[in-house]
Amino acid sequence: MGQVESAIQDLESDLPPQLETFDLKGVAEKIKAGDCKRILVMTGAGVSVSAGIPDFRSPQSGLFAKIRARYPDDEMLSRRPECVFDLAYFQDVNEAPFYEVSQEIMSEGYKPTPTHHFIKLLDDKGLLVRCYTQNIDSLETAAGLSSEKVIAAHGNFDGARCLKAGKEVPIAEFKEAVRKGDAEGGWRDLNKKYGDLVKPDVVFYGEALPRRFFSSLGKDTAEADLLIVMGTALKVGPFNRLVGQVPFNCVRLLVNRDPAGLARPDNTDDDTMSLPQGFVFNDDKNVRDVFHQGDCDAGVWELARLLDWVGDLERLTGQKAPAKQSAEKPVME
């Protein structure tokens, strides 16, 4: 940990505890007391797994594992399956894997999860500042959130355009071509028609994040009094740095399979990323951070119970609340 990071944590630890208890109950009591009126939400692939959309990093079922299995002879994808979302790979090496992966991601059979509906419930209660998501599935707006309340940091499939010329391509035409695959009328014919590679508005490695991400970030984080982070490993920047940009007295809740976005390396997990001004769970300097380990949907149902919002969430989801919290764990992006 650097001197600046240490000094910031010392300043934070001088604050009184922001919660009575460092658990979901403590967070719920803070909301019920009216102390959290400006809630910022960050989400990753873990919030969409129960919709049937594969996460990225699960060893067996994750999208990257599937890419490795599907393209065993592609040395680049075998070594770094995330290259399927790399601009240079798409443009200069092989565009086919991205179009094939897009078929799976774009399925219109996917429905919002209880977690998406819980975020909508926060908005209905007048508490949501914004939802920042890494996901490209647009399930937030499918759950009823306005596009103004959602910032898709890594883009989505709501639009498409020619890669070099920037000419807009009707998204329905793009989706239809991708669904047909390599057959007649598929993505090869679409690219031939426009004389260019046609790409959805998904942010690839090597591309800048949407301008709206940066233009909204400062005001949104400055106003936040509660940050809820769900279903993400917080491994990809600059998205992950939102965690450290909220005020020192802003309560921060992580609902996830494993700890993520820690301020210092966890000696028990070599893959843990050290994040500037990150979470400090189980630390005597912690005055505001809560880690709820488990499934995202189960976590929001439990939080809804503690807030006396179960009936509201049942109406939004069209489901009955589970009898007890699931022992399943979410899979992280």
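Residue numbering note: each chain is counted from 1, following its sequence as written. Given that this is a predicted model, residues contribute local features only at a pLDDT of at least 70 and side-chain atom pairs are listed and counted only at 80 or more, while totals for whole chains, interfaces and linings are drawn from all residues. To get the side-chain values, take all heavy atoms of the structure and skip hydrogens and water.

## Re helix H9 (residues 171-180)
Here's step 1: For H9, the complete set of buried residues consists of Phe-174, Lys-175, Ala-177 and Val-178. Buried residues of H9, seen end-on, are gathered within an arc of 165 degrees and therefore sit on one face of the element.
Here's step 2: When checking whether two residues touch, look at their non-hydrogen atoms; a contact exists if any pair is within 4.5 Å. Segments assigned H or I by DSSP are reported as helices when at least four residues long, segments assigned E as strands when at least two residues long, and all are numbered from the N terminus. On its buried side, H9 packs onto helix H6 (96-105), strand E4 (155-162), helix H10 (187-194) and strand E6 (198-202).
Here's step 3: Positive backbone phi, at 70 degrees, marks Gly-181, one or two positions downstream of H9. Burial classification: accessible surface area is computed with a 1.4 Å probe over protein chains only, and a residue below 20% of its type maximum counts as buried, one above 50% as exposed, and the rest as partly exposed. The directions considered for the arc are those from the helix axis to the C-beta atoms.

## Regarding the side chain of Asp-295
Here's step 1: Inspection of the secondary structure puts Asp-295 in the loop between strand E9 (289-293) and helix H12 (296-307).
Here's step 2: Counted as positive: Lys and Arg. Counted as negative: Asp and Glu, with His and the chain ends omitted from the count. Each salt bridge in this description consists of a side-chain nitrogen of Lys or Arg and a carboxyl oxygen of Asp or Glu lying within 4 Å of one another. Notably, Asp-295 is buried but unbridged: the nearest opposite-charge side chain belongs to Arg-305, and the N-O separation is 10 Å.
Here's step 3: At 2.9 Å, the side chain of Asp-295 forms a polar contact with the backbone nitrogen of Asp-297. Counting of polar contacts relies on pairs of N or O atoms within 3.5 Å, with two restrictions inside protein: one atom must be capable of donating a hydrogen and the other of accepting it, and residues adjacent in sequence are counted only when both atoms are side-chain atoms.

## What about the sheet that holds strand E1 (residues 39-43)?
Here's step 1: Across the sheet, which stays open at both edges, the 6 strands sit in the order E3-E2-E1-E7-E8-E9 with parallel pairing between neighbours. A single partner strand is all that each edge strand has here, and the edge strands are strand E3 (150-152) and E9. Within this sheet the neighbouring strands show an average axis-to-axis angle of 15 degrees, counted without direction.
Here's step 2: By the convention used here, strands pair only if DSSP detects at least 2 bridges between them. Where strand E7 (residues 226-230) lies against strand E8 (residues 251-256), 5 bridges are found, and the strand directions are parallel. Axis angles are defined between N-to-C directions and span 0 to 180 degrees, where every axis is a line fitted to C-alpha atoms and, for a helix, only to the segment in contact.

## Focus on the environment of Cys-83
Here's step 1: With respect to the helices and strands, Cys-83 occurs in the loop between helix H4 (75-79) and helix H5 (87-93).
Here's step 2: Judged by its relative accessible area of 3%, Cys-83 falls in the buried class.
Here's step 3: For the pair Cys-83 and Phe-64, spaced 19 residues apart in the sequence, the C-alpha separation amounts to 9.6 Å.
Here's step 4: Not counting chain neighbours up to four residues away, the residues in contact with Cys-83 comprise Met-76, Leu-77 and Tyr-89.

## Structural notes on the sheet that holds strand E5 (residues 168-169)
Here's step 1: Across the sheet, 3 strands lie side by side as E5-E4-E6; this open sheet has antiparallel pairing. In the strand order of this sheet, the two ends are held by E5 and E6, each with one partner.
Here's step 2: For E4 and E6, the ladder comprises 4 bridges, and the chain directions are antiparallel. From the neighbouring strand, Arg-161 faces E6, where its bridge partner is Lys-199.
Here's step 3: Most of the contacts of H9 go to E4, to which it runs at about 95 degrees, and overall it touches E4, E5 and E6.

## Focus on the environment of Asp-312
Here's step 1: With respect to the secondary-structure elements, Asp-312 resides in helix H13 (residues 310-317).
Here's step 2: Expressed as a C-alpha distance, the spacing of Asp-312 and Phe-118, which sit 194 residues apart in the sequence, is 9.1 Å.
Here's step 3: Ignoring anything within four residues of it in the chain, the contact list for Asp-312 reads Leu-121 and Lys-125.

## Brief notes about the side chain of Arg-288
Here's step 1: Tracing the chain through its elements places Arg-288 in the loop between E8 and E9.
Here's step 2: A polar side-chain atom of Arg-288 sits 2.7 Å from the main-chain carbonyl oxygen of Pro-247.

## A closer look at the pairing of E4
Here's step 1: The element E4 is largely enclosed, with a buried count of 6 among its 8 residues.
Here's step 2: Pairing analysis gives 2 bridges linking E4 to E5, with the strands arranged antiparallel. Within E5, the position partnered with Ala-160 by the bridge is Val-169.
Here's step 3: The turn linking E4 back onto E5 is made up of 5 residues, and Gly-166 within it adopts a positive phi angle of 80 degrees.

## Here's the deal with H10
Here's step 1: Among the residues of H10, Trp-187, Leu-190, Asn-191 and Tyr-194 are the ones counted as buried. For H10, the angular spread of the buried residues around the axis is 95 degrees, confining them to a single face. Exposed residues lying more than 90 degrees from the buried face of H10 are Lys-192 and Lys-193.
Here's step 2: Against H6, E4, E5, H9 and E6 lie the buried residues of H10.

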